[in-house]
Amino acid sequence: QVTVGILTFKRPEYLRVAVESVLNQTVLPQEILIIDDGSPERADDLIASYAARYPELIRYVWREKGGHPPPRKTPVAEGRTGDPMWV
């Protein structure tokens, strides 16, 4: 099993596409970890709609704006599996 890490910042339209892409795969990952790098308009409603349908699969982490390195390390630190995959 793998963790799919989806990094986002102010792009809810792309976030929806990325999540749907993962959900449409033949084999689902153990978890989808969405890391928001400090977007001013958080994607809470969008995430809540997916979390309601897939409560054991979707996790959302919002962090203060940190640029590229910090959010890319988050799936490794936060992931429930040893094999993160970035989307």
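Residues numbered from 1 in each chain as written. Predicted model: local features only at pLDDT ≥ 70, side-chain atom pairs only at ≥ 80, totals over all residues. Heavy atoms only, no water.

Engineer: Any chance you could explain helix H2 (residues 44-53) here in plain terms?
Structural biologist: Structurally, the α-helix is built with 3.6 residues per turn, so residues lying three or four positions apart point the same way. Those residues of H2 that fall on the buried side of the exposure criterion are Leu46, Ile47 and Tyr50. Burial along H2 is one-sided: seen end-on, the buried residues are contained in an arc of 95 degrees. Exposed side of H2, more than 90 degrees from the buried face: Asp45 and Ala52 are the residues found there. Of the surrounding elements, those touching the buried residues of H2 are helix H1 (12-23), strand E2 (31-36) and strand E3 (58-62). (Buried < 20%, exposed > 50% of the residue type's maximum accessible area, 1.4 Å probe, protein only. Helix = DSSP H or I, 4+ residues; strand = E, 2+ residues; numbered from the N terminus. Arc of directions from axis to C-beta. Contact = heavy atoms within 4.5 Å.)

Engineer: Hey, could you run me through the nonpolar core in this one?
Structural biologist: As a rule of thumb, nonpolar side chains are buried together in soluble globular proteins. Ile6, Leu15, Val19, Ile32, Ile34 and Ile58 are the most contacted members of the largest nonpolar core, which has 15 residues in total. When contributions to this core are tallied by element, the ones reaching two or more residues are strand E1 (3-8), H1, E2 and H2. Ranked by residues supplied to this core, first place goes to H1 with five residues. Beyond its immediate stretch of four places on either side in the chain, Val19 contacts Ile6, Ile34, Tyr50 and Ile58. (Core = buried A, V, L, I, M, F, W, Y, C linked by side-chain atoms within 4.5 Å.)

Engineer: Explain the pairing of E2 to me, please; I cannot follow it from the model alone.
Structural biologist: Side chains on a regular strand alternate between the two faces of the sheet. Counting buried positions along E2 yields six of six residues, so the element is predominantly enclosed. Neither face of E2 is open: one carries Glu31, Leu33 and Ile35, the other Ile32, Ile34 and Asp36, and all of them are buried. Here six bridges tie E1 to E2, and the two strands are oriented parallel to one another. Bridged to Val4 within E2 is Ile32. Following the backbone out of E1, through H1 and into the adjacent parallel E2, one traces a crossover that is right-handed. Sheet analysis places E2 next to E3, joined by five bridges and oriented parallel. For Asp36, the partnering residue across the bridge sits in E3 and is Trp62. On the question of chirality, the crossover connecting E2 to the parallel E3 by way of H2 is right-handed. (Pairing = 2+ DSSP bridges. Right-handed = clockwise from strand over helix to strand, strands pointing away.)

Engineer: What's the story with H1 in this structure? I'm lost.
Structural biologist: Taking 1.5 Å per residue, 12 residues should reach 16 Å; H1 reaches 16 Å between its end C-alpha atoms and fits that length. The set of residues buried in H1 consists of Leu15, Ala18, Val19, Val22 and Leu23. Considered in projection along H1, the buried side chains sweep an arc of 135 degrees and stay on one side of the axis. Residues of H1 that are exposed and point over 90 degrees away from its buried face: Tyr14 and Val17. (Expected span 1.5 Å × (residues − 1).)

Engineer: Hey, could you run me through the pattern of salt bridges in this one?
Structural biologist: Once their charged atoms are close, side chains differing in charge can pair, the charge on each being opposite to the other. Counted according to the given criterion, the structure contains one salt bridge. Among the ionic pairs, Arg59 bridges to Glu31, the shortest N-O distance being 2.8 Å. Taken together, the residues span a long stretch of sequence, with Arg59 in strand E3 and Glu31 in strand E2 at a distance of 28 residues. When sorted by exposure, Arg59 lands in the same class as Glu31, which is buried. (Salt bridge = Lys/Arg side-chain N within 4 Å of Asp/Glu carboxyl O.)

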